[in-house]
Amino acid sequence: MQHYPKSIRNLIRQLSRLPGIGEKTAERLAMHVLKAPADQAQALAESILQVKRSVQHCQQCFGLSDGPVCQICQDPGRDRDLVCVVEQPADMMSVEKAGCFKGLYHILGGVLSPMDGIGPDRLRLEQLWRRVDSGQVKEVILATSTSVEGEATASFIAQRLAGRPVKVSRIASGIPMGGDIKYVDQMTLKRAIWGRHAC
Ligand SMILES: [Zn+2]
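Remember, predicted model here, so these are calculated numbers, not experimental data.

Conventions used here
Residues numbered from 1 in each chain as written. Predicted model: local features only at pLDDT ≥ 70, side-chain atom pairs only at ≥ 80, totals over all residues. Heavy atoms only, no water. Axes fitted to C-alpha atoms, helices over the stretch in contact; angles between N-to-C directions. Helix = DSSP H or I, 4+ residues; strand = E, 2+ residues; numbered from the N terminus. Parallel < 35°, antiparallel > 145°, perpendicular 65-115°, else oblique. Left-handed = near helix turned anticlockwise from the far one by under 90°. Contact = heavy atoms within 4.5 Å. Nonpolar A, V, L, I, M, F, W, Y, C, P; charged D, E, K, R; others polar. Pairing = 2+ DSSP bridges. pLDDT = per-residue confidence, 0-100. Salt bridge = Lys/Arg side-chain N within 4 Å of Asp/Glu carboxyl O.

Attention shifts here to the packing of helix α1 (residues 6-15) against helix α2 (residues 23-35). One can describe the packing of α1 onto α2 by two numbers: an axis separation of 8 Å at closest approach and a directional angle of 125°. As judged from the angle between their axes, α1 and α2 are oblique. Remark: the crossing between α1 and α2 carries right-handed chirality. Taken together, the residues of α2 that come into contact with α1 (itself represented by Ile-8, Leu-11, Ile-12 and Leu-15) are Glu-23, Ala-26, Glu-27, Leu-29, Ala-30, Met-31, Val-33 and Leu-34. Residue classes in the contact of α1 with α2 are distributed as ten nonpolar, no polar and two charged.

Strand order in this open sheet of four strands is β4-β3-β5-β6, and the pairing throughout is parallel. For this open sheet the edge positions go to β4 (103-107) and β6 (167-170), each flanked by a neighbour on one side alone. Sheet twist, expressed as the average angle between the axes of neighbouring strands with direction ignored, equals 25°. Relative to strand β5 (residues 139-142), strand β3 (residues 79-86) is paired through four bridges, and the arrangement is parallel. Among the inter-strand pairings, Leu-82 is bridged to a residue of β5, identified as Glu-139. Sheet contacts for helix α5 (residues 89-98): β3 and β4; angle to β4, the most-contacted strand, approximately 160°.

Turning next to the confidence of the model for the protein chain. Averaged over all residues, the pLDDT of the protein chain is 94; the fraction at 70 or higher stands at 100%. No element of the protein chain has a lower mean pLDDT than helix α8 (residues 186-194), which averages 87, and none a higher one than β4, which averages 98.

As a further point, take the pattern of salt bridges. Applying the stated criterion across every chain, the model contains six salt bridges. A salt bridge links Arg-170 to Glu-151; the nearest nitrogen and oxygen atoms lie 3.3 Å apart. Remark: Glu-151 occurs in helix α7 (residues 148-161) and Arg-170 occurs in strand β6; sequence separation between them is 19 residues. What you see here is one network of salt bridges that share partners, running through Glu-151, Arg-170 and Arg-191.

Structure representation (structure tokens):
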């Protein structure tokens, strides 16, 4: 890399700091940027700066937003009775991509993990209780991951919401599409049987 001019070396170094980008790929991307028209390179640089400048957490769901309240929370077509609780903004994007959920979200910002010192006060739980207590929410869908921490977090929320006038449900889990029963682990198979539904 030493034979490149300093400015190109710097670009390669910055690009290789991105996740999943090794030095070879960074070199290829840097060459691409170099060959691209000036306006395209400028648009790339500006979009990076813009993201850092304007993206913030939505005040209601804590998803990513260009303003104080995100597009989903502002959308009058969304079902405001339903709140899907997820760990991170990326999880919310996945549910959105599935295209089958038309309610609102609540992003916890992680999961309970006593080993890592993450207790309830480190998640956006107080904000969730407040949303539920506002009386607008009729059902909370717990869509945390099926890891030990994700399950513990879902149980914790379900226990804390018990007694409040809100329905609490957990997303079903089981055999993935195209999955072969004989290769599925015992826990997944157990859950699939517990969570069975009528045909
Ligand atoms: Zn929002």
